[in-house]
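Analysis of the macromolecular model
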2 protein chains.
Amino acid sequence: MLTIDLINQARERIASRIHRTPVFTSRLLNEAAGKQVFFKCENLQRAGAFKIRGATNKINSLTDDEKRRGIVAFSSGNHAQAVALAGREACVRVLVAMPDDAPKAKVAATRDYGAEIIFYDRTKEDREKFALDLAERERLVMVPPYDDELILAGQATCGMEFLEEVPDLDCVLTPCSGGGLFAGVATGAKHLKPGIRCFPVEPDTADDTRQSFLKGERVSIPPPPTIADGLRVQVPGRLTFPIIQKLAEDVLTVTDDEIIQTIRFILFRMKLLVEPSGAAAAAAVLFHKLPDDLKHVGVVLSGGNVDSEVLARVIAES
Amino acid sequence: MLTIDLINQARERIASRIHRTPVFTSRLLNEAAGKQVFFKCENLQRAGAFKIRGATNKINSLTDDEKRRGIVAFSSGNHAQAVALAGREACVRVLVAMPDDAPKAKVAATRDYGAEIIFYDRTKEDREKFALDLAERERLVMVPPYDDELILAGQATCGMEFLEEVPDLDCVLTPCSGGGLFAGVATGAKHLKPGIRCFPVEPDTADDTRQSFLKGERVSIPPPPTIADGLRVQVPGRLTFPIIQKLAEDVLTVTDDEIIQTIRFILFRMKLLVEPSGAAAAAAVLFHKLPDDLKHVGVVLSGGNVDSEVLARVIAES
């Protein structure tokens, strides 16, 4: 269970290894959204995304024997970079299994952090089975992207920081893929402020969490087409889904076009780079998907790792 | 004269109307530069650049009679936006004379802040004379971009903040156009730390300040071709040049290609948007133009207002 003890231990364990990211506001965005919006800038986090929180907490909790064996992760991007960086700092061997169509910038960054990369064909192989086989063959410890209490406890530190910095938030929104960021942030936020209302946000073409939330059980969808490459998970996590069911008021969705317009707004008006996945929650606010009575809105900008090709496309579509 | 009293008055006058901008660092950039670099993020300043400091100080120092008459500024961009915003907040009529090839984003933003815009032909008309005629005809008060003590005192507040936040800087670099930012920041910085070494930075094709500095008198150059649209001034200011002569150790220059690569580095690695003019000082550090013995380097990222066309070009040139 994701207890407050686990979260507090995570805070201590990772404090010196992550940034306490700043919270930004924008008068222009407030006017456009009709609300007071606070952005927790995890795009300015180490390795460019919130993922370093969970990865650092997990890897620094390993036994000496596990550390000697090394670790493996499967990820199309930000989790890979986070595990590579946290692993390097813990002096642990890191293998990352990546789909062969992963964004180039994320592959290069993961390699720069010193990880060995093994590619697989996303259309032919099951990524989880591929990574599990690899882990067994090489006796490596798996660092899962979200279905792990230590990972969730790490992500929860983001929610605690946010509420400490802006105590009068009446709701908090995060992008949602496997659900690790949402489950962590909502747990952390509700611990500090039980009445806070929490909303995960997905692309409308990748709405596995919304479908699951409405049906009351985990629903799998086919590989979803969306510009938000980090939100292409096809089914909510085993550990995260019950937390989402309990803590989410509703699951919101946004279109790719809304995401693109939001990236442009944040880039040209706020001078911050966010990746498509990282802009989903902001898009929900900018395009008025929230109930009217919510006025002090917390939004996690979850990451900023964008390929120059993708950014060029975003800028061209004006 | 730009006295410390003027600067302290400016700080009080503008404190509630500007952001105390954050100072960012980047491990990756430190490695690339071989120095510890601190970035004062004036790209995150109100209206997207440091210019709001001087404009706010000047406009809020006007007499009631002057405020009733209204103000005029000539500027291709950031100064215009700053005067428009500061003027609106002081409830003053604002006219801005702009060249008809000014960046679209800057024209639109200036208009959004409520200013009236009058275009002139940069190749046929002298901008200063054009604005002076306009001021006389409409009985407006001129708010000059740099040759004014109250403007310089406003920009100096940026240097004071920087040294207060990072007291152990051994040098500070700013982009240099008319010299207002450099003269202000160097004066403010040297007041707090007399031994600090100060460097203005120009595009190598727009090196009027470097030529003037070497010759010991103000040199005019033809309209310079450079991507840094804010640094196209053709001669150092009358008020700023003696300050530059006194406080600059050397005038550094960078190429357009170095500026472009620096914007890309800051965008993709640090997730911050800077405009070409705003990246000039950072480019000097990233491309090793500083003496080797300088280790704690302060860099002003002076602005972040970029047209999407210009940014698309910067991203494409990889």
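Just above sits the structure.
Residues numbered from 1 in each chain as written. Chains lettered and ligands numbered in written order. Predicted model: local features only at pLDDT ≥ 70, side-chain atom pairs only at ≥ 80, totals over all residues. Heavy atoms only, no water.

Here we look at the overall build of chain A
Helices and strands together make up the secondary structure of chain A, namely 14 helices and 10 strands. Computed over C-alpha atoms, the radius of gyration of chain A comes to 18 Å, within 12% of the 20 Å expected from 2.2 N^0.38 for 318 residues, which places it in the range of a compact globule. Referenced to the eigenvectors of the C-alpha coordinate spread, the extents of chain A come out at roughly 55 × 45 × 40 Å. Sorting the 318 residues of chain A into buried and exposed places 62% on the buried side. Taking the contacts inside chain A whose residues are at least 6 apart along the sequence as the reference set, 73% of them involve residues at least 24 apart. Accessible area for chain A stands at about 11,900 Å²; split by element, carbon and sulfur atoms hold 49% of it. Side chains of chain A carry 40 positive and 44 negative charges; the gap between the two charge centres is 2 Å. (Helix = DSSP H or I, 4+ residues; strand = E, 2+ residues; numbered from the N terminus. Rg over C-alpha atoms; globule rule 2.2 N^0.38 Å. Buried < 20%, exposed > 50% of the residue type's maximum accessible area, 1.4 Å probe, protein only. Contact = heavy atoms within 4.5 Å. Areas by Shrake-Rupley, 256 points an atom, 1.4 Å probe, with all protein chains shown as cover. Lys, Arg positive; Asp, Glu negative; His and termini not counted. Charge placed at Lys NZ, Arg CZ, Asp CG, Glu CD.)

Overview of the relation of the copies chain A and chain B
Once chain A is rotated about the relating axis by 180 degrees and shifted along it by 0.0 Å, it coincides with chain B to within an RMSD of 0.0 Å. What we have between these two chains is a two-fold relation. When C-alpha positions in chain A are compared against the rotation axis, the closest is assigned to L272 of chain A, at 2.4 Å. In this assembly the copies share their binding face: 100% of the residues contributing to the interface of chain A also contribute to that of chain B. (Least-squares fit on C-alpha atoms with pLDDT ≥ 70 in both.)

Considerations on helix α11 (residues 240–247) of chain B
All names here are of chain B. Among the residues of α11, T240, F241, I243, I244 and L247 are the ones counted as buried. Buried residues of α11 fall within an arc of 160 degrees about the axis and therefore sit on the same side. Looking at the buried positions of α11, the neighbouring elements they touch are α8 (149–165), α9 (180–192), β8 (197–203) and α10 (208–215). (Arc of directions from axis to C-beta.)

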